[in-house]
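# Observations on the three-dimensional arrangement
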Amino acid sequence: MTAAVTAAHALAVPAAEPATATRDSRPLRLITCGSVDDGKSTLIGRLLWDTKAVKEDQAATLQRDSTGKQNDLGLPDFALLLDGLQAEREQGITIDVAYRYFSTDKRSFIVADTPGHEQYTRNMATGASTADLAVLLVDARAGILEQTRRHATIASLLGIKQFVLAINKIDLTNYDRAGFEKITHEFREFALSLGVKQITAIPMSALKGENVVYSGEASMPWYAGPTLVETLELATVRSSQATGFRFSVQRVSRPGESFRGYQGTVAGGSVKPGDSVMILPSGMVANVSKIVTFDLVRNAAVAGDAITLVLDRQVDVARGDMIVSIDSQPQVGLSFDAQIVALQPEGIEAGKRYWLKSGSRRQRVQVQPLAQLELKTGAWAPVDTLYMNAIGKVRLAFDEQAIFDPYEQNRATGSFILIDPDTNNTVAGGMVSGKRSELGGIHGGDARVILSLPADLADQIMASELFANRRHEAEVRRMTAAEAADLWSNAASDI
Ligand SMILES: Nc1nc2c(ncn2[C@@H]2O[C@H](COP(=O)(O)OP(=O)(O)OP(=O)(O)O)[C@@H](O)[C@H]2O)c(=O)[nH]1
């Protein structure tokens, strides 16, 4: 066993729990992104190795598996550290993301380790990416690619404001300073169009460990900036979000006649016994009488806590309902605007009905693509279909009241995935920007169709839909075809 392995063991970080930091008790969460082969696995492996987060058994396996594959420094192939995860993934469909923990004496870190583009975007969108910072990997020889722009855009849509541009494999360009500066400049220009200002560009060799944990000064005397880990140590952890109490009911627990509790995870804000809450979508009101966890009665719970909530009266609460604070409520409505990332080759078709899943809620939704982001120019172009990997603005039209917060206010209650009912595939991940204030529900999207019918028949159809779906907010309008066309083009230009 080598000295390095012994040290690694001494400082090993438990796989299931983040290490406790000595200064900032909140770990910094980061994601790494880049194109295939930019060196993501090598970088994460290097981070774990150089911060001594590799456990003895892993280190021994790594040394063994790397035999014959060492780089010119005689170091193992760090990407192999992550291969175990791939095997896990092949066995089960539920593991989308693994979190790797490492720490320095200043703070602890959680890195979301997601192989491949598809799962990666999916996890961003389902809220697994609660990241404070994104590390964007670029191959120093290739520079900024469309994938770099896409990942930067998605990360910024997801509210990430701190970026590290890791210009990797700099050793393969002979540590070329001009090349590094050119890539940095190009990325800064692009990032400005996203409104991203906090960018640290670092020339790096993940393979050789230069400017990752240890300085690369010997090879790059021209670079006086921080290493990756120094940057991460100074990054800020996002403050908690701006919504009130949010609790999505996952299970109604009725172990006996006298006890009825609602189980789930707090998705925003906090709650304590005595608080007045509202159950959505019914709008019924109750007070919290007790908060229970698996072994304790608690006097408060905050975002992230898994609890059973007991109310002071018998109210009708079902799985998928949301219990919220009375004084700060989410938006309830039939039509919302959202931004989505299409994840499957079949794309997102106008008017097709999908399942939308957000927290424990699952609802039918009709999706109307409105515009697609052109990655080269940053402009939004009108579209009817969003193909794989496209980032688009859409309108969501529901049959029954939907409940969301704008994503920027609450990542959990503002994000969703779309599932194709025919294939059961997750076809998109999305973030809600807000409720539509104009025509409610399906009418915004369907106006063209319904209004092309004779006016009284249109009224009849709308009235029966209103009745069937309890669309309290919907507005029945009688219009001429020209008015309808105007309404539609105004709505389309309003995206
Ligand atoms: N010379 C050099 N090679 C590197 C560096 N970083 C990674 N590599 C090599 O580049 C190849 C790809 O690295 P990976 O870490 O597997 O890349 P990845 O981005 O994780 O690739 P995927 O897992 O396929 O997405 C491997 O052969 C690495 O050894 C570097 O800084 N310098």
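Conventions and cut-offs
- Residues numbered from 1 in each chain as written.
- Predicted model: local features only at pLDDT ≥ 70, side-chain atom pairs only at ≥ 80, totals over all residues.
- Helix = DSSP H or I, 4+ residues; strand = E, 2+ residues; numbered from the N terminus.
- Buried ≥ 20, exposed ≤ 12 C-beta atoms within 10 Å, placed from the backbone.
- Near = placed C-beta within 6 Å.
- Nonpolar A, V, L, I, M, F, W, Y, C, P; charged D, E, K, R; others polar.
- Core = buried A, V, L, I, M, F, W, Y, C linked by C-beta atoms within 7 Å.
- Contact = placed C-beta atoms within 7 Å.
- Pairing = 2+ DSSP bridges.
- Right-handed = clockwise from strand over helix to strand, strands pointing away.
- Expected span 1.5 Å × (residues − 1).
- Arc of directions from axis to C-beta.
- pLDDT = per-residue confidence, 0-100.
- Axes fitted to C-alpha atoms, helices over the stretch in contact; angles between N-to-C directions.
- Left-handed = near helix turned anticlockwise from the far one by under 90°.

## Here's the deal with the overall build of the protein chain
Within the protein chain, the regular secondary structure consists of eleven helices and 22 strands. Sorting the 495 residues of the protein chain into buried and exposed places 43% on the buried side.

## Re the site of the ligand
For the ligand, the set of nearby residues contains 17 residues, the closest of which are Gly39, Lys40, Ser41, Thr42 and Leu207. Split by residue class, the shell around the ligand holds six nonpolar, six polar and five charged.

## A closer look at the environment of Leu136
Of note, Leu136 is situated in strand β4 (residues 133–139). The exposure class assigned to Leu136 is buried, which follows from the 25 C-beta atoms found within 10 Å. Taking the C-alpha atoms as reference points, Leu136 and Ile167, separated by 31 residues in sequence, lie 8.3 Å from one another.

## Some words on the nonpolar core
In terms of nonpolar packing, the biggest core is built from 108 residues, with Leu30, Ala134, Leu136, Ala166 and Ile167 touching the most fellow members. Not counting chain neighbours up to four residues away, the residues in contact with Ala134 comprise Leu30, Ile31, Cys33, Ala155, Ile160 and Phe163.

## So, the pairing of strand β6 (residues 198–203)
Bridging between strand β5 (residues 162–168) and β6 involves six bridges; their strand directions are parallel. Each residue of the ladder has a partner; that of Leu165, found in β6, is Ala201. Each parallel crossover has a hand, and for β5 linked through helix α7 (residues 177–194) to β6 it is right-handed.

## Re unusual backbone geometry
Cis geometry marks the peptide bond from Leu280 to Pro281, where omega comes out at 10°. With respect to the helices, strands and loops of the structure, Pro281 is situated in the loop between β10 (276–280) and β11 (284–292). Of note in the backbone geometry, Tyr175 takes a positive phi value of approximately 55° without being a glycine. If you trace the backbone, Tyr175 turns up in the loop between β5 and α7. Under the C-beta neighbour-count criterion, Tyr175 is labelled buried, with 20 such atoms within 10 Å.

## Comments concerning α7
Owing to its 3.6 residues per turn, the α-helix brings residues three or four apart onto one side. For α7, with 18 residues, the first-to-last C-alpha span of 26 Å sits near the 26 Å given by 1.5 Å per residue. All buried positions along α7 are accounted for by Phe180, Ile183, Phe187 and Ala191. For α7, the angular spread of the buried residues around the axis is 70°, confining them to a single face. Opposite its buried face, α7 presents the exposed residues Ala178, His185, Glu189 and Leu192, each directed more than 90 degrees away. Turning to α7, the residues buried within the fold contact β4, α6 (146–157), β5 and β6. Just downstream of α7, Gly195 is the residue with a positive phi angle, here 80°.

## A short note on helix α2 (residues 40–50)
For α2, the buried fraction is high: eleven of the eleven residues fall into the buried class. For α2, the complete set of buried residues consists of Lys40, Ser41, Thr42, Leu43, Ile44, Gly45, Arg46, Leu47, Leu48, Trp49 and Asp50. With its phi angle positive at about 65°, Lys52 sits one or two positions after the end of α2.

## Quick notes on the confidence of the model for the protein chain
Residue-level pLDDT values for the protein chain average 76, and 70% of them are 70 or greater. Note on residues 491–495: pLDDT is under 50 here. Beyond four places in sequence and across chains, it has eight contacts. For this predicted complex, the interface score ipTM comes out at 0.97, alongside a pTM of 0.65.

## Re the environment of Ala112
By secondary structure assignment, the location of Ala112 is in strand β3 (residues 107–113). For Ala112, a count of 23 C-beta atoms within 10 Å puts it in the buried group.

## Some points on the pairing of strand β22 (residues 426–435)
By the criterion of burial, β22 is predominantly enclosed, with seven of the ten residues buried. Relative to β22, strand β16 (residues 331–342) runs antiparallel, the two being bridged by seven bridges. Bridge pairing in β22 links Gln339 to Met431. Strand direction decides the pairing type here: strand β21 (residues 415–419) and β22, joined by five bridges, are antiparallel. Bridge pairing links Ile417 to Gly429 in β22.

## Some words on the environment of Ile144
Here Ile144 lies in the loop between β4 and α6. Owing to 19 C-beta atoms within 10 Å, Ile144 belongs among the partly exposed residues under this scheme. For the pair Ile144 and Phe190, spaced 46 residues apart in the sequence, the C-alpha separation amounts to 9.8 Å. Setting aside its immediate chain neighbours within four residues, Ile144 contacts Val138, Arg149, Ile183, Glu186, Phe187 and Phe190.

## Quick notes on the packing of α6 against α7
Contact geometry of α6 with α7 gives a least axis separation of 10 Å together with a crossing angle of 35°. Seen along the crossing, α6 lies across α7 with a hand that is right-handed. For the pair formed by α6 and α7, the contact residues are Arg149, Ala152, Thr153 and Ser156 on the first element and Phe190, Ala191 and Leu194 on the second. Residues that form the contact of α6 with α7 fall into these classes: four nonpolar, two polar and one charged.

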